[in-house]
Amino acid sequence: MDSLLRGEEKSVVVLVCVYLIWKIIRYIWSFLDVQKEPVVVLVTGAAGQIGYALVPMIARGAMLGPDQPVILHMLDIEPAAESLKGVKMELIDAAFPLLKGVVATSDPVEACKGVNIAVMVGGFPRKEGMERKDVMSKNVAIYKAQASALEQHSAPNCKVLVVANPANTNALILKEFAPSIPEKNVTCLTRLDHNRALGQISEKLFVHVGDVKNVIIWGNHSSTQYPDVNHATVSTCDGDKPVREVVADDKWLNKEFITTVQQRGAAIIKARKLSSALSAASSACDHIRNWVLGTPKGTWVSMGVYSDGSYGIQSGLIYSFPVTCEKGEWSIVQGLKIDEFSRGKMDATAKELIEEKELAYSCLS
């Protein structure tokens, strides 16, 4: 009987000890479980179509994750001020738990204060009868002013994504007038084209888009871009297989697939009578999320980044490459085999970017 009682006492002691340890762990965890500091995200052109689609995605956590609070700074031109006010009202009404503040303004200085991430959606669209130089001149003026505000008022290590077309060259101009922002922190959006390429392959093969990876968009975010599937794979019941092998239709991959991706934006305008907004906003979130939080192991994405001469592309251009991201930094994927067909396509889109750069600099002078 005594031994039985002693056994019960030991059990009670053990249970009490476990309970106390659990209480201590919970107490310590309460101090460690501190909410993250909000990230300040700037969206220019926020009253426009893409901006209107983008800001709720950011507020919901699609860009920076489900546990990252954000403060939104929204910038647009003075004639859009009332519309921008309405966007702010809707954000407040949506009661997003992650949204810790909203600034809506037409003042670039106010908009750029303390910004950690800048998504440059605003730009001057080409209108009927306008020459390329006229459009470029308008955008040079816009990006010169906004770059100066970012240069002086953004947070250290601010990351910039340019969405407005011509995106690659607008990014180049922005960097010219924001010299203190590191080259690696100025990028442009080609993730939309990358996602379009993934979508076309998944539709062709009747597979989920998540089963296709490692397509590449080379070059300019324009009709000269080169969507490349030579290194892409698709997940099958027998493991990952090359897309070319599974599609088994080189004619389609080398012609229709490429032109479909290149001209997808025009096709959407024809269908909707409006430009891509939802897909552009979603792709901008994808771009920043992978840049900040990293790319999955064994997977790369396409980003318009400063060329360092990789793959024979002239240094100093903003050119779309395959990249991997880790700890907030991107790196160009090296060592990929480039065939003659690809070389011609890559050089053609680089030539267009060189011409755009020269045109932009002529506007500056």
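Before going into details, it helps to say that this report is about the structure given with it. Just so you know, these numbers come straight off a predicted model, no measurement behind them.

The next subject is the overall build of the protein. Broken down by element type, the protein carries twelve helices and 14 strands. Taken along its principal axes, the extent of the C-alpha atoms in the protein is 100 × 55 × 40 Å. When burial is assessed residue by residue, the protein has 47% of its 365 residues classed as buried. Partitioning the intrachain contacts of the protein with sequence separation of at least 6 by distance along the chain shows that 72% fall at a separation of at least 24. Roughly 18,400 Å² of accessible area belongs to the protein as shown, and the carbon and sulfur atoms make up 57% of that amount.

With that settled, the discussion passes to the pattern of salt bridges. Enumeration over the complete set of coordinates arrives at seven salt bridges. A salt bridge links Asp67 to Lys36, with the nearest nitrogen and oxygen atoms 3.3 Å apart. One end of the pair, Asp67, is in the loop between α2 (49-60) and β2 (70-75); the other, Lys36, is in the loop between α1 (2-32) and β1 (39-44), with 31 residues separating them in the sequence. Looking at Asp67, the relative accessible area reads 44%, which means it is partly exposed. Here Lys213 ties to Asp240 by a salt bridge, and the two come within 3.8 Å at their closest N and O atoms. Here Lys213, found in strand β7 (residues 212-213), pairs with Asp240, found in strand β11 (residues 239-242); they are 27 residues apart in sequence, far enough to count as distant. Given the relative accessible area of 26%, Lys213 is considered partly exposed.

Below, the discussion takes up the packing of aromatic side chains. Taken as a whole, this structure holds five aromatic pairs when the rule is applied. Note on Trp218 and Phe321: the rings are 6.2 Å apart at their centroids and 80 degrees apart in plane angle, and the pair reads as edge-to-face. Of the two residues, Trp218 is situated in strand β8 (residues 216-218) and Phe321 in strand β13 (residues 318-326); the sequence distance between them amounts to 103 residues. Here Trp218 matches Phe321 in class, with each residue buried. Their ring planes at 45 degrees and their centres at 5.5 Å tell us that Trp252 and Phe257 sit as a pair that is tilted. Accessibility expressed as a relative area gives 9% for Trp252, which makes it buried. The ring of Phe124 has Lys138 lying over it, and the distance from NZ or CZ to the ring centre is 5.3 Å. A cation over an aromatic ring shows up here: Lys184 above the ring of Trp330, its NZ or CZ 4.3 Å from the ring centre.

This brings us to the pairing of β11. Note on strand geometry: in a regular strand, side chains alternate between the two faces of the sheet. Two elements, strand β10 (residues 233-236) and β11, share four bridges in a ladder whose sense is antiparallel. In the sheet register, Val234 faces β11, and the bridge partner there is Lys241. Once β10 ends, the chain turns through two residues before running back antiparallel as β11.

By size, the foremost hydrophobic cluster in this structure holds 75 residues, and its most contacted members are Val41, Leu54 and Leu91. Sequence-distant contacts of Leu54, defined by excluding residues within four places in its chain, comprise Val43, Met63, Val119, Val121, Ala281, Ala284 and Cys285. In this structure, Ala118, Tyr143, Ala147 and Val186 belong to the second largest nonpolar core, which totals 32 residues.

In the contact formed by α2 and helix α11 (residues 278-293), the axes pass within 8 Å of each other and the chain directions differ by 40 degrees. Here α11 runs oblique to α2, going by the angle between their axes. Considering only the axes of α2 and α11, their crossing is right-handed. Across from Ile50, Ala53, Leu54 and Met57 in α2, the residues of α11 making contact are Leu278, Ala280, Ala281, Ser282, Ala284 and Cys285. When grouped by side-chain class, the residues that make up the contact of α2 with α11 number nine nonpolar, one polar and no charged.

Let us now look at the sheet that holds β11. An order of β7-β10-β11 is seen for the three strands of this open sheet, with the pairing classed as antiparallel. With partners counted over all chains shown, the strands left at the sheet margins are β7 and β11, one partner each. As paired elements, β7 and β10 share two bridges and run antiparallel to each other. In the sheet register, Val212 faces β10, and the bridge partner there is Val234.

Moving on, we get to the layout of surface pockets. When its volume is computed, the second largest pocket comes out at roughly 170 Å³. Grouping the amino acids of the lining of the second largest pocket by side-chain chemistry returns seven nonpolar, three polar and two charged.

Along the chain, the position of Asn220 falls in the loop between β8 and β9 (226-228). Setting aside its immediate chain neighbours within four residues, Asn220 contacts Asn168, Gln225, Thr349, Glu352, Leu353 and Glu356.

The grouping of Tyr19, Leu20 and Trp22 at the surface amounts to a nonpolar patch, some 340 Å² of accessible area in total. For Leu20, the position within the fold is in helix α1.

Bringing the packing of helix α7 (residues 191-205) against α11 into the picture now. Where α7 contacts α11, the axes come no closer than 8 Å and their chain directions differ by 105 degrees. By the criterion of interaxial angle, the relationship of α7 to α11 is roughly perpendicular. Contacts from Arg191, Leu192 and Asn195 in α7 reach Ser279, Ala280, Ser283, Asp286, His287 and Asn290 in α11. Looking at the contact of α7 with α11 residue by residue, the classes come out as two nonpolar, five polar and two charged.

Rules behind the numbers
Residues numbered from 1 in each chain as written. Predicted model: local features only at pLDDT ≥ 70, side-chain atom pairs only at ≥ 80, totals over all residues. Heavy atoms only, no water. Helix = DSSP H or I, 4+ residues; strand = E, 2+ residues; numbered from the N terminus. Buried < 20%, exposed > 50% of the residue type's maximum accessible area, 1.4 Å probe, protein only. Contact = heavy atoms within 4.5 Å. Areas by Shrake-Rupley, 256 points an atom, 1.4 Å probe, with all protein chains shown as cover. Salt bridge = Lys/Arg side-chain N within 4 Å of Asp/Glu carboxyl O. Phe/Tyr/Trp six-rings, centres within 6.5 Å; stacked < 30°, edge-to-face > 60°. Lys NZ or Arg CZ within 6 Å of the ring centre and 35° of its normal. Pairing = 2+ DSSP bridges. Core = buried A, V, L, I, M, F, W, Y, C linked by side-chain atoms within 4.5 Å. Axes fitted to C-alpha atoms, helices over the stretch in contact; angles between N-to-C directions. Parallel < 35°, antiparallel > 145°, perpendicular 65-115°, else oblique. Left-handed = near helix turned anticlockwise from the far one by under 90°. Nonpolar A, V, L, I, M, F, W, Y, C, P; charged D, E, K, R; others polar. 1 Å grid on protein atoms, 1.4 Å probe; cavity = no way out; pocket = protein on both sides within 12 Å on 5 of 7 lines; lining within 4 Å. Points joined across faces, edges and corners; volume = space filled by probe spheres on them. Patch = residues over 30% accessible without salt bridge, like charges linked within 9 Å, V, L, I, M, F, W, Y side chains within 5 Å.

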